[in-house]
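Observations on chain architecture
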Amino acid sequence: MNHYGKQIYKIIAICGMVFILFLGDSRQTDTNSAENGMDNSVMSEYVADVCDAVKNMDFTIREPRLDITSGEDRLYKEAYLKVLKNEMPILEWEKQYYKDLRGAGIPFEDLLERKDDDSFPYLLYYDDLDGDGKPELGINQGCLYLFDYEMGDEGVHVLYCQESCYLGNILGSGQIWYHDGLHADVIRDRYIFLNQDNEWEEGALDLEQGINPSYKYYLVGTTRYEQTDVGEKNWNEITKPFFEATEHEISPKTFAEILYAQPHAEEVCR
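These notes cover the structure that comes with them. (Residues numbered from 1 in each chain as written. Predicted model: local features only at pLDDT ≥ 70, side-chain atom pairs only at ≥ 80, totals over all residues. Heavy atoms only, no water.)

1. Remarks on the sheet that holds strand β9 (residues 215-222)
Heads up, the condition is: We treat two strands as partners when DSSP finds at least two bridges between them. Think of it this way: any DSSP run of H or I at least four residues long counts as a helix, any run of E at least two long counts as a strand, and we number them from the N terminus. Note on contacts: a residue pair is in contact if any heavy atoms of the two residues lie within 4.5 Å. Lines fitted to C-alpha atoms define the axes here, with helix axes fitted over just the stretch in contact, and angles between the N-to-C directions of these axes take values from 0 to 180 degrees.
The six strands are arranged β5-β6-β7-β8-β9-β10 in an open sheet whose pairing can be described as antiparallel. Looking along the sheet, the strands with just one partner apiece sit at the ends: β5 (167-172) and β10 (228-229). Of the strand pairs in this sheet, β9 and β10 are connected by two bridges, and their pairing is antiparallel. Considered in β10, the bridge of leucine 219 is made with aspartate 229. Strands β5, β6 (175-183), β7 (186-194), β8 (200-212), β9 and β10 of the sheet are contacted by helix α5 (residues 231-245), whose axis makes an angle of about 130° with β8.

2. Describing the environment of histidine 183
This is how the line gets drawn: Burial classes: relative accessible area under 20% of the type maximum marks a residue as buried, over 50% as exposed, and values in between as partly exposed (1.4 Å probe, protein chains only).
By the secondary structure assignment, histidine 183 is in strand β6. When its relative accessible area of 47% is taken as the criterion, histidine 183 is described as partly exposed. Separated by 27 residues in sequence, histidine 183 and glycine 210 place their C-alpha atoms 9.7 Å apart.

3. Topic: the side chain of threonine 254
Here threonine 254 is to be found in strand β11 (residues 253-254). Apart from residues lying up to four places away in sequence, threonine 254 is in contact with Lys115, Asp116, Asp117, Asp118, Tyr122 and Leu123.

4. A look at the packing of helix α2 (residues 40-55) against α5
Put simply, the rule is: Each angle is binned into one of four classes, with values under 35 degrees roughly parallel, values over 145 roughly antiparallel, values of 65 to 115 roughly perpendicular, and all other values oblique. Rotating anticlockwise by less than a right angle from the far helix to the near helix defines a left-handed crossing, while the corresponding clockwise rotation defines a right-handed one. Side-chain classes are defined by residue name, with Ala, Val, Leu, Ile, Met, Phe, Trp, Tyr, Cys and Pro counting as nonpolar, Asp, Glu, Lys and Arg as charged, and the others, Gly among them, as polar.
The interhelical angle for the contact between α2 and α5, taken along N-to-C directions, is 20°, at an axis separation of 9 Å. When the axes of α2 and α5 are compared, the pair comes out roughly parallel. In terms of crossing hand, the pair formed by α2 and α5 is left-handed. Counting all contacts with α2, which are made through Val47, Cys51, Val54 and Lys55, the residues of α5 involved are Asn234, Glu237 and Ile238. Grouping the constituent residues of the contact of α2 with α5 by class yields four nonpolar, one polar and two charged.

5. Some thoughts on helix α3 (residues 70-84)
What counts here: A helix is expected to span 1.5 Å for every residue after the first.
With 15 residues, α3 extends 21 Å from end C-alpha to end C-alpha; this agrees with the ideal 21 Å at 1.5 Å per step. Burial in α3 covers these residues: Tyr76, Lys77, Ala79, Tyr80, Leu81, Val83 and Leu84. Positive phi shows up at asparagine 86, right after α3, with a value of about 60°.

6. A word on the sheet that holds strand β3 (residues 144-148)
As summarised here, the arrangement of the five strands in space is β4-β3-β2-β1-β11, forming an open sheet in which the pairing is antiparallel. Only two strands of the sheet have a single neighbouring strand rather than two, namely β4 (157-162) and β11. Pairing geometry for β3 and β4, over five bridges, is antiparallel. Its bridge partner lying in β4, leucine 144 is registered against glutamine 162. Across the sheet, α3 is in contact with β1 (123-127), β2 (136-140) and β3; its angle to β1 comes to roughly 145°.

7. As for the packing of aromatic side chains
The way to describe two aromatic rings as a pair is by their centre distance and the angle between their planes. Keep this limit in mind: Only the six-membered ring of Trp is used, alongside the rings of Phe and Tyr, when aromatic pairs are assigned; centres must lie within 6.5 Å, and planes under 30 degrees apart are stacked while those over 60 apart are edge-to-face, with the rest tilted.
Applying the stated criterion across every chain yields a total of 16 aromatic pairs. For the ring pair tryptophan 93 and tyrosine 145, a centre distance of 6.4 Å and an interplane angle of 80° mean the geometry is edge-to-face. Of this pair, tryptophan 93 sits in the loop between α3 and α4 (108-113) while tyrosine 145 is found in strand β3, placing the two residues 52 residues apart along the sequence. Overall, the relative accessible area of 23% leaves tryptophan 93 in the partly exposed class. Taking 4.8 Å as the distance between ring centres and 50° as the angle between the ring planes, the aromatic pair formed by tyrosine 160 and tryptophan 200 counts as tilted. Residue tyrosine 160 is located in strand β4, and its partner tryptophan 200 is located in strand β8; the two are separated by 40 residues in the primary sequence. Judged by relative accessible area, tyrosine 160 falls into the buried class, the value being 4%. Connected via pairs of aromatic rings, a cluster forms that spans Phe59, Tyr191, Phe193, Tyr218, Trp235, Phe242 and Phe243.

8. Let's talk about the side chain of aspartate 130
To keep it simple, the criterion reads: Counted as positive: Lys and Arg. Counted as negative: Asp and Glu, with His and the chain ends omitted from the count. Salt bridges, as used here, are contacts in which a Lys or Arg side-chain nitrogen is within 4 Å of a carboxyl oxygen on Asp or Glu. N or O atoms closer than or at 3.5 Å make up a polar contact, with two conditions inside protein: a donor-capable atom paired with an acceptor-capable one, and, for residues adjacent in sequence, both atoms drawn from side chains.
Looking at the secondary structure, you find aspartate 130 in the loop between β1 and β2. In this structure aspartate 130 is buried but unpaired, with lysine 134 as the nearest side chain of opposite charge at 8.8 Å. Engagement of the side chain of aspartate 130 in a polar contact is seen with the backbone nitrogen of aspartate 132, the distance being 3.2 Å. Filtering out sequence-adjacent residues up to four positions away, aspartate 130 remains in contact with Glu136, Leu159, Ser173, Gly174 and Leu194.

9. Here's the deal with the pattern of salt bridges
Throughout the structure, instances matching the rule amount to nine salt bridges. The partner of aspartate 117 in a salt bridge is arginine 114, with the nearest N and O atoms 2.5 Å apart. Two residues, arginine 188 and aspartate 180, come together in a salt bridge whose shortest N-O distance is 3.7 Å. Through salt bridges with shared partners, a single ionic network connects Asp180, Arg188 and Glu208.

Function cannot be read off these values alone, since they describe shape.
If you want it as structure tokens, here you go:
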């Protein structure tokens, strides 16, 4: 065999070895996929199920509607003032008051001094936050707490609390949106709502978007389905109604607008 023939033989041999290695790796990959139940057909079906679950979700904003008399309004505001003054306990948490809350507990004197401050963390919610027509007190001073006062009670009930310090917005009655903006090339959003059984569905919609150009992904999860990458096209389609809903928000108000704006407020606040 001449020199040229030997070179051809070597090239053919090398190509054959590469092909065998590739074939083996491919078979191993297929085996691993089968073992993990993640073959293409299964993944496609799972992604379709996740997408259908999100498409069937209703993100219609539930507008809060208070249905109380002026006298009841005064009593509710007096009770919630006592909460902020640490004079009314939290019934579910033994011997705990507003001052004991993680990510909250601003001294009442500071709240009163900053009563006209319209910036975080001096804003409050006072509205029908659960759809019962009665006012709840919402506090978002680093962590989100919603309190519910029942007439005649010696304390307040915890309607909802989230001690993870994300940016929380109340979209409507019983509708909460958590947003963790650009953080390490990842954007996270969660939707939580109060269902017909009066239970909060944590992570009813759980979104995570990786925006690094070298590694983009679009994870979508629901209460039933774990997060999975649905791809950009599916993401844009199924998340659009949710992100349109997030453009709405129950506006928090200053201390003065909510609790100080009542007859004899100065006397009550002492």
